[in-house]
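Secondary and tertiary structure notes
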Amino acid sequence: MNFRRAESTDERLALEIKGVSKQYGRFPALKDVSLQAKDKEFLALLGPSGSGKTTLLRVLAGLEEPDAGEVRFGGEDFLALPVRLRKVGMVFQHYALFRHMTVAQNIAFGLTVRRRSEKPSKSEIGDRVADLLSLVQLEGLEKRFPSQLSGGQRQRVALARALAIEPKMLLLDEPFGALDAQVRRELRRWLRELHDKAGVTTVFVTHDQEEALDLADRVAILKDGQLIQLGTPNEVYEHPATPFVFDFLGAACRMPGVVDGSRLLVADWESEAPKGAPQGPVDVFFRPDEVAFAPLDGAGLAAEVRGVTQRGPDVRIDCLIEGQTVELQAHGPTLPPGVATGLPVRIKPLRPQVYAAG
Amino acid sequence: MIDAVAPGASRPLFRIVLPGIAPLMLLASAAAMAGLILLPLGVVFQEALAKGLMPYLAALKETDAIAAVKLTLLVAAISVPLNAVFGVAAAWTITKFEFRGKSVLLTLIDLPFSISPVVSGLVWVLLFGAQGIFGTWLIDHDVKIIFATPGLVLATILVTFPFVARELIPLMQEQGSDEEAAALTLGASGFTTFWRVTLPNIKWALLYGVLLCNARAMGEFGAVSVVSGHIRGLTNTLPLHVEVLYNDYDSVGAFAAASILAGLGIITLVLKTVLEWRHSGELSASRKH
Amino acid sequence: MTDFVASPPVIRPGGTVRPRPRRWKEHSILPGFGLSLGVTLIYLGLIVLLPLGVLAMRPWEIGLDGIVRTLTDARVAAALKITFGISFLAALTNGPLGLLIAWTLTRYEFPGRRIMDALVDLPFALPTAVAGIALTTLYAPTGPLGALAAKIGIKTAYSPLGIFIALVFIGLPFVVRSIQPVLQDLDRGVEEAAQTLGATDLQRIAYVVIPALGPAILSGISLAFARAVGEYGSVIFIAGNMPMKTEIAPLLIVIKLEQYDYAGAAAIGVAMVAISFGALIGMNILQMALARRGRT
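As a starting point, this report considers the structure included with it. Just so you know, these numbers come straight off a predicted model, no measurement behind them.

1. As for the overall build of chain B
Looking only at helices and strands, one finds 14 helices and zero strands in chain B. Ordered by position from the N terminus, the helices and strands of chain B form the series α-α-α-α-α-α-α-α-α-α-α-α-α-α. The principal-axis extent of the C-alpha atoms belonging to chain B is close to 65 × 60 × 30 Å. Residues counted as buried form 54% of the 289 residues belonging to chain B. Within chain B, contacts between residues separated by at least 24 positions form 72% of all contacts whose residues are at least 6 apart in sequence. A total accessible area of about 12400 Å² is found for chain B, and carbon and sulfur atoms account for 67% of it. In chain B, the 18 positive side-chain charges and the 19 negative ones have mean positions that sit 6 Å from each other.

2. Structural notes on the interface of chain B and chain C
Contacts between the two partners involve 92 residues from chain B and, on the opposite side, 94 residues from chain C. The interface formed by chain B and chain C holds one salt bridge in total. In terms of residue count, the dominant contributor to the side of chain B that touches chain C is helix α2 (residues 21–48) of chain B (18 residues). Partitioning the side of chain B that touches chain C into residue classes produces 63 nonpolar, 19 polar and 10 charged.

3. Observations concerning a nonpolar patch on the surface
Residue and element names in this part refer to chain B. A cluster of nonpolar side chains, Phe 45, Leu 49, Leu 53, Met 54 and Leu 57, forms an exposed patch at the surface whose accessible area comes to about 460 Å². Counting residues per element, the nonpolar patch draws most heavily on helix α3 (residues 53–61), at three residues. Summarising the element assignment, Leu 57 is placed in helix α3.

4. A few points about empty space enclosed by the protein
Tallied over the full model, the rule gives four cavities of 30 Å³ or more. By volume, the largest cavity is sized at about 120 Å³. If you trace the largest cavity, you find 17 residues lining it, with Arg 216 and Gly 219 of chain B together with Pro 127, Thr 128 and Arg 227 of chain C closest to the centre. For the lining of the largest cavity, the secondary structure elements donating two or more residues are α11 (190–219) of chain B together with α5 (122–125) of chain C. Tallied by class, residues from the lining of the largest cavity come to nine nonpolar, four polar and four charged. Here the second largest cavity defines a volume of roughly 50 Å³. When residues of the lining of the second largest cavity are traced back to their parent elements, those giving at least two are β7 (169–173) and α5 (181–198) of chain A. Among the elements that line the lining of the second largest cavity, the one with the most residues is α5 of chain A, at four residues.

5. Here's the deal with the nonpolar core
One finds Ile 109, Trp 124 and Leu 168 of chain B together with Ile 47 of chain C to be the most contacted residues of the largest nonpolar core, which totals 174 residues. Per-element accounting of this core gives the leading share, 15 residues, to helix α3 (residues 74–107) of chain C. Ranked by size, the runner-up nonpolar core spans 48 residues in total, among them Phe 42, Val 91, Leu 179 and Val 236 of chain A.

6. Remarks on the sheet that holds strand β6 (residues 88–91) of chain A
Residue and element names in this part refer to chain A. Across the sheet, which stays open at both edges, the six strands sit in the order β6-β7-β8-β3-β9-β10 with mixed pairing between neighbours. Looking at which strands have only one partner, the edges of the open sheet turn out to be β6 and β10 (226–231). In this sheet, adjacent strand axes meet at a mean angle of 15° when their direction is disregarded. The pairing of β6 with β7 spans four bridges and is classified as parallel. For Val 91, the partnering residue across the bridge sits in β7 and is Leu 172. The sheet contacts of helix α4 (residues 151–164) involve β6 and β7, and relative to β6 the element is tilted by about 170°.

7. A word on the pairing of strand β4 (residues 68–73) of chain A
Residues and elements named next belong to chain A. As defined by bridge partners, strand β1 (residues 13–24) adjoins β4 across five bridges and the pair is classed as antiparallel. Bridging from a neighbouring strand, Leu 15 pairs with Phe 73 of β4. Strand direction decides the pairing type here: β4 and strand β5 (residues 76–77), joined by two bridges, are antiparallel. If you follow Phe 73 over to β5, its bridge partner there is Glu 76. Between β4 and β5, which pair antiparallel and follow one another directly, the connecting turn spans two residues, one of which, Gly 74, has a positive phi of 55°.

The rules behind these values
Residues numbered from 1 in each chain as written. Chains lettered and ligands numbered in written order. Predicted model: local features only at pLDDT ≥ 70, side-chain atom pairs only at ≥ 80, totals over all residues. Heavy atoms only, no water. Helix = DSSP H or I, 4+ residues; strand = E, 2+ residues; numbered from the N terminus. Buried < 20%, exposed > 50% of the residue type's maximum accessible area, 1.4 Å probe, protein only. Contact = heavy atoms within 4.5 Å. Areas by Shrake-Rupley, 256 points an atom, 1.4 Å probe, with all protein chains shown as cover. Lys, Arg positive; Asp, Glu negative; His and termini not counted. Charge placed at Lys NZ, Arg CZ, Asp CG, Glu CD. Salt bridge = Lys/Arg side-chain N within 4 Å of Asp/Glu carboxyl O. Nonpolar A, V, L, I, M, F, W, Y, C, P; charged D, E, K, R; others polar. Patch = residues over 30% accessible without salt bridge, like charges linked within 9 Å, V, L, I, M, F, W, Y side chains within 5 Å. 1 Å grid on protein atoms, 1.4 Å probe; cavity = no way out; pocket = protein on both sides within 12 Å on 5 of 7 lines; lining within 4 Å. Points joined across faces, edges and corners; volume = space filled by probe spheres on them. Core = buried A, V, L, I, M, F, W, Y, C linked by side-chain atoms within 4.5 Å. Pairing = 2+ DSSP bridges. Axes fitted to C-alpha atoms, helices over the stretch in contact; angles between N-to-C directions.

Given below as structure tokens:
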């Protein structure tokens with residue numbers, strides 16, 4: 001493992017994907033996808049199922065050959081290399097552990113299959129396995145078989161096995177997909193720490209936006225085989241490039257509106273249009289928890305409260321705005337003043353996003 | 001094969017990774033299949049028709065041959081239904097109830113599979129043969145079992161004993177007994193439950209088992225050869241008839257009779273394959289491919 | 001048939017419920033247990049257990065001496081050796097051969113694949129006597145394949161090799177059908193994982209695929225072996241049946257019966273059952289040891 005952390009290398013491009021396309025029969029899985037990852041970056045490929053994110057990951061691993069495009073890693077043409085020479089550590093969705101091998105044998109596999117001249121000695125392999133076992137906190141389980149482990153433990157064995165070959169890049173396919181919510185959250189934090197410690201460029205695939213936003217340095221959002229947006233979690237969450245991204249990254253409320261010059265009109269509410277908003281009829285999106293309840297004579301969308309549901313620390317407020325029912329979220333143990341079932345209120349979206357109507 | 005849903009799962013990995021090996025493997029498999037399976041099958045018909053169609057048909061019309069066919073059908077007609085009834089009863093006992101000694105019972109049901117057909121014939125001779133346990137009694141009362149049809153039936157039953165049960169047990173185990181329990185809570189009687197719920201669920205597997213059982217029953221050679229006595233026209237089933245003619249150097253006659261049996265084998269294969277394709281969901285897991 | 005009814009808890013006059021004695025049958029709401037178990041046991045008893053019991057008893061009338069003498073008789077010993085030896089070799093050969101065919105059938109898409117798949121079961125479906133005379137005609141010195149082999153100085157039919165060919169024929173479907181479903185269900189991810197970890201194609205197959213198939217291959221081999229040991233119809237035609245050389249144990253049983261040596265025939269029968277059971281148990285233990293590691 002490389003613990004070197006020179007400042008300059010962090011900005012160096014590690015992975016370059018250029019114009020990658022892939023078709024299955026008549027179904028286009030990837031359409032002209034280009035993106036880059038910096039050295040030691042933690043990149044998430046986020047998208048709904050069928051968006052091509054797993055295909056892209058498999059192209060990086062060499063398990064799929066793209067029909068067109070280029071993949072370079074550290075300047076080297078990756079597509080020219082067969083899978084086994086790419087030295088990518090891949091963690092499969094269902095781990096793909098070798099069920100007839102012990103935990104230790106699984107982790108050591110990548111070392112034992114090396115050519116004789118490159119194969120470490122038995123004791124070196126043993127040491128390395130021990131190091132990795134302690135890294136993934138599975139000391140003492142080396143003699144177990146995969147069937148004798150919990151899901152979280154299997155996941156960590158798969159990770160250790162991938163790290164054993166000192167991969168140039170770590171690829172994770174829905175690494176937490178098969179785990180329950182509790183284990184998921186724990187492993188997520190741990191994986192991020194592990195990444196920082198190991199300092200390997202990591203690409204992981206997920207359909208869980210919370211996971212991607214929480215974990216990654218940058219998030220690439222895919223839909224129907226196309227890259228829709230690439231940016232830091234903050235960038236993509238605060239400035240979703242399309243209504244799809246807005247919708248995919250969290251709960252969304254949508255209203256029709258009009259932009260006229262620098263003014264944004266939604267029903268009877270007029271406000272300043274966000275920078276760069278298109279002119280003319282638009283769709284206005286806002287998050288149901290990013291609203292303020294304005295005084296009845298103030299500025300805001302006229303609404304009527306239809307129901308109030310307390311859910312732990314949160315309150316769900318069902319409102320009728322312009323004939324459509326919208327679920328708003330408020331936090332805190334007490335309701336905003338003036339909110340009760342049957343009462344009229346005014347609602348002011350705090351950070352509306354505006355997209356050309358479509 | 002159904003196209004896999006996930007992109008990439010159905011990708012032919014090996015066409016890319018092992019370009020040189022695939023045709024080699026295919027060739028080797030084809031050669032092995034041809035030498036071991038296809039050629040023998042072809043030889044049967046070639047030899048049967050070696051002297052033309054007329055001698056072939058004449059051999060089939062011969063009285064001993066017709067008697068052999070009739071005897072073969074009779075033996076199968078008795079032993080297959082008996083084994084089918086047993087198979088259903090055994091599968092019902094084993095899959096719908098929990099009791100001690102179940103695995104012993106399972107092993108015993110499989111036992112005839114691991115016994116030589118010759119031994120399966122031998123045991124009946126030991127029981128009913130001239131020097132068998134009941135030998136003298138049978139001679140005194142002028143009852144013939146060995147060297148007669150009852151012996152052939154008994155030997156055939158023993159050899160084909162597990163076929164139906166073996167097909168039903170894994171399937172019924174997969175299916176569990178929730179549906180039967182539901183029928184009972186809805187007021188169905190035990191018999192109605194079996195007839196209207198269980199039987200429809202297992203009918204294809206039952207047919208499959210009966211098919212295999214029948215193929216073996218009609219084609220059985222070792223076991224019946226021990227109890228038959230090879231009396232032409234009387235105790236020769238079709239496979240035994242083949243042997244007798246072959247040993248008499250009547251090649252056309254032997255292969256003509258063999259061609260009927262080979263035809264039976266082919267029909268069995270076709271029906272079996274159709275069942276596997278059409279009703280794979282209603283056969284036990286090991287039959288789904 | 002009172003045994004078939006679950007015993008209700010016994011309530012003592014004092015009113016305390018005595019713990020129920022462990023029943024041999026769990027309670028079930030489904031009916032018909034007594035009937036179906038009865039039918040099963042009676043049929044099993046009459047068709048399988050009684051005859052086999054008689055088989056096990058019969059040799060003792062010639063005493064232990066007689067049994068030993070029968071089995072150590074040079075001709076019988078040779079027949080047993082031939083039967084088990086060639087069956088073992090044929091079953092072992094079926095391992096790689098079955099793997100090859102199963103692999104071809106599951107991993108490649110080619111015209112005629114389904115027909116080939118169906119034909120694998122022909123040895124199940126073709127009556128053994130037919131297979132016997134067909135293989136003999138094919139591999140006899142005058143037959144097409146036999147003549148070919150004779151040219152390079154190999155005698156196929158009427159030799160141990162002939163027995164071997166017949167037994168490979170008989171055992172092939174057992175191995176193919178054991179491996180096929182496992183190979184089909186084998187997680188592709190596991191193989192891909194091996195590739196990403198740097199395994200070559202050979203390493204992937206040797207370390208990942210074959211070990212995963214191990215239990216299935218072994219179980220196929222042991223099924224093929226069990227079938228081969230008892231095989232009669234397809235062998236006697238091609239074997240040539242020369243005492244000490246190509247005479248198989250089942251044939252000796254038939255010969256002893258024709259000589260009205262029931263005890264001798266039964267002794268050979270029992271020996272065959274015993275040896276093949278021993279071999280099967282051995283293989284089962286090996287198989288369980290292999291499978292234990294792979295259970296999920």
